[in-house]
Amino acid sequence: MTTETPRVDSEVGPLRAVLLHRPGNELTRLTPRNNDKLLFDSIPWVGRAQEEHDAFAGVLRGRGVEVLLLADVLREALADPRAHAAGVHAAVDDRRLGEDLGDALRSHLSDVDATTLAEVLMAGLTFEELPAAEGASLVRKIHHPHDFAVDPLPNLLFTRDSSVWIADRVAISSLAMPARRRETALLDLVYAYHPRFAHASRAYGAHSAPVEGGDVLLLAPGVLAVGIGERTTAAGAESLARSLFADDIAHTVLAVPIAQARATMHLDTVCTMVAPDAVVMYPLARDELVAFTLRPDGDGSLRVDGPQPFLHAAAEAMGIEKLRVIDTGLDPVTAEREQWDDGNNTLALAPGVVVGYERNVETNARLADAGIEVLAIAGSELGSGRGGPRCMSCPVVRDPIVN
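Residues numbered from 1 in each chain as written. Predicted model: local features only at pLDDT ≥ 70, side-chain atom pairs only at ≥ 80, totals over all residues. Heavy atoms only, no water.

1. Comments concerning the nonpolar core
Quick reminder of the rule: The definition of a nonpolar core used throughout is a set of buried Ala, Val, Leu, Ile, Met, Phe, Trp, Tyr and Cys residues joined through side-chain atoms within 4.5 Å. Only protein chains enter the accessibility calculation, which uses a 1.4 Å probe; a residue is then buried when its area is under 20% of its type maximum, exposed when over 50%, and partly exposed in between. Counting from the N terminus, the helices are the DSSP runs of H or I reaching at least four residues and the strands are the DSSP runs of E reaching at least two. Residues are treated as being in contact if the distance between any of their heavy atoms lies within 4.5 Å.
One finds Leu 19, Leu 78, Leu 109, Tyr 191 and Leu 244 to be the most contacted residues of the largest nonpolar core, which totals 68 residues. Among the elements that make up this core, the one with the highest residue count is helix α6 (residues 114–123) (six residues). Leu 78 has contacts with Ala 83, His 84, Gly 87, Ala 114, Leu 117, Ala 118, Leu 121 and Leu 189, leaving out every residue within four places of it along the chain. Grouped together as the second largest cluster of nonpolar side chains are 36 residues, Leu 219, Cys 271, Ala 275 and Ala 285 included.

2. Examining the pattern of salt bridges
Stated formally: Should a side-chain nitrogen of Lys or Arg be within 4 Å of a carboxyl oxygen of Asp or Glu, the pair is scored as a salt bridge.
The full count for this structure, using the stated rule, is 25 salt bridges. Salt-bridge contacts for Arg 106 lead to Asp 94; the nearest nitrogen and oxygen are separated by 2.9 Å. Residue Arg 106 is classed as partly exposed on the basis of its relative accessible area of 24%. Each member of the salt-bridge network shares a partner with another, and the members are Glu 11, Arg 160, Asp 268 and Arg 390.

3. Side note on the pairing of strand β13 (residues 290–296)
Put simply, the rule is: Any two strands with at least two DSSP-identified bridges between them are counted as paired.
In terms of strand pairing, strand β10 (residues 252–257) meets β13 through three bridges, oriented antiparallel. Paired with Leu 254 across the two strands is Thr 293, which belongs to β13. Between β13 and strand β14 (residues 302–309), which pair antiparallel and follow one another directly, the connecting turn spans five residues, one of which, Gly 298, has a positive phi of 80°.

4. Description of the UniProt feature "active site" (unreviewed entry) in the protein chain
The cut-off we apply is this: UniProt positions are given in the numbering used here, feature names are shortened, and annotations may be inferred rather than shown by experiment.
As recorded in UniProt, the sites labelled "active site" (unreviewed entry) are Cys 391. When you line up the elements, Cys 391 lands in the loop between β18 (373–377) and β19 (394–398). If we skip the residues at most four places from it in the chain, Cys 391 touches Leu 157, Phe 158, Thr 159, Arg 160, Asp 268 and Asn 345.

5. Looking at the environment of Pro 276
Along the chain, the position of Pro 276 falls in the loop between β11 (271–275) and β12 (278–281). With relative accessibility at 32%, the residue Pro 276 sits in the partly exposed group. Between the C-alpha atom of Pro 276 and that of Leu 323, which follows or precedes it by 47 residues, the distance is 8.8 Å.

6. Considering the sheet that holds strand β6 (residues 169–172)
Our working definition: With axes taken as lines fitted to C-alpha atoms, and helix axes fitted only over the stretch in contact, angles between N-to-C directions fall between 0 and 180 degrees.
The mixed open sheet is built from three strands, whose spatial order is β5-β6-β7. With partners counted over all chains shown, the strands left at the sheet margins are β5 (163–166) and β7 (201–204), one partner each. When strand polarity is set aside, the average angle formed by the axes of neighbouring strands in this sheet is 40°. The pairing of β5 with β6 spans four bridges and is antiparallel.

7. Remarks on the sheet that holds β11
Strand order in the open sheet formed by three strands is β11-β12-β15, and the pairing between neighbours is mixed. Edge positions in the open sheet fall to β11 and β15 (324–327), since each of these has one partner strand only. Neighbour-to-neighbour, the strand axes of this sheet turn through a mean angle of 35°, independent of strand direction. One ladder, built from four bridges, connects β11 with β12; its direction is antiparallel. Within the sheet, the bridge partner assigned to Ala 275 lies in β12 and is Ala 278. Lying on the sheet, helix α14 (residues 361–369) is in contact with β11, β12 and β15; it crosses β15 at an angle near 145°.

8. A short note on helix α5 (residues 94–110)
Quick note on the threshold: What a helix is expected to span follows from its residue count: subtract one and scale by 1.5 Å. At every residue, the bend is computed as the angle between two fitted axes, covering the seven residues ending there and the seven beginning there respectively. Counted as a polar contact is a pair of N or O atoms within 3.5 Å, where, for protein atoms, one must be capable of donating a hydrogen and the other of accepting one, and residues adjacent in sequence contribute only when both atoms are in side chains.
For α5, built from 17 residues, the straight-helix expectation of 24 Å at 1.5 Å per residue is missed by more than 12%, its first-to-last C-alpha distance being only 16 Å. Bending of α5 peaks at approximately 85° at the position of Asp 100. Along α5, the residues that are buried comprise Leu 97, Leu 101, Gly 102, Leu 105 and Leu 109. As for α5, its buried residues are in contact with α4 (81–91), α6, β3 (125–126), α7 (138–142) and β4 (148–150). Among the residues of α5, the N-terminal cap falls to Asp 93, whose side-chain oxygen and the backbone nitrogen of Arg 95 are separated by 3.0 Å.

9. Things to note about the packing of aromatic side chains
Formally: Only Phe, Tyr and Trp rings take part, Trp by its six-membered ring, and two of them pair if their centres are within 6.5 Å. Stacked means planes under 30 degrees apart, edge-to-face means over 60, and tilted covers everything else.
Applying the stated rule across the entire model yields three aromatic pairs. Geometrically, the ring pair formed by Trp 165 and Tyr 191 is edge-to-face, given 5.6 Å between the ring centres and 85° between the ring planes. You can see Trp 165 sitting in strand β5 and its partner Tyr 191 sitting in helix α9 (residues 183–193), a full 26 residues away along the chain. Tyr 191 carries the same exposure label as Trp 165, and that label is buried. An aromatic cluster of at least three residues, connected via ring pairs, comprises Trp 165, Tyr 191 and Phe 197.

See below:
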């Protein structure tokens, strides 16, 4: 494992290390009864999803990127007794289980090894899988054996949302949806106790107002765009901006309202960067997106300007004449289909080199015509939770962009 110091200043600087999560048993917990609650649009074929994810990771490794797998770093972090105790605390919800059953589960998990605890934290635990009872429990009796005593976390696949590196600090996201909130506890453990991140400082805390990493775009060093919509609130965007300004790791934050809809849950579902001066963008968003510009105003106060058109505000903040826009699709119907299929959700491996889903044929062709190399991957099963290559990746180390 490399010991490169974590740092990310842009969306497109050469990618050196990234955190992914290979789909695991948490996906086998999805059923037609719970997939909506757990934020999946369909039931994925788990074996195929794993094959597709392995191929995705293989593409990254083939381009010299170090791939850190969340399950591995979580297990390694849990080897620390302090992390193990915190993991047990994160797994047990006394409000759901009651004190007696909660204490029994807590006692059981305190004695398991790091591998077993990591599996419970990720894949959950059903009432049927709870340790044998000592005495009667109404909670155990009244629940169906396949109900969850510890909820699974199938959205761990989308590592972008739960944490994001901004300069040399990590922001632990405050996730809005109940099905995802416990994810932050796992990332807290990893960043607090894994040796790789021993000296990592925090840019934002998981107990603050809702902010999700899919809404955070690092347009240029010191310049961020933060989407405000279904997952990130205005309070979250403002709190993140104030934190970044106080730490002097950003000078401009663009707060960008987006439609509060499933198809546009995050800013990166309508716009991602593919080069230092270029984005791939859903055509309907080109003219509709506006931005409020936030800057520090001395003595800890904030200046808020706008709104003005997003593309104009972004170029001005980035210090460039114009931000090039590559549209999703060729016509409104194709654009809408390919936006839904994560055509805008690309992961840049270097300036002008991106990973995208192979099914977005028209968008990939437009990117190629614009001089962008597209490394196409399969995503028929990976996309069932509504997320593309950017959603599935948390960059940990990027090199600076060389002008």
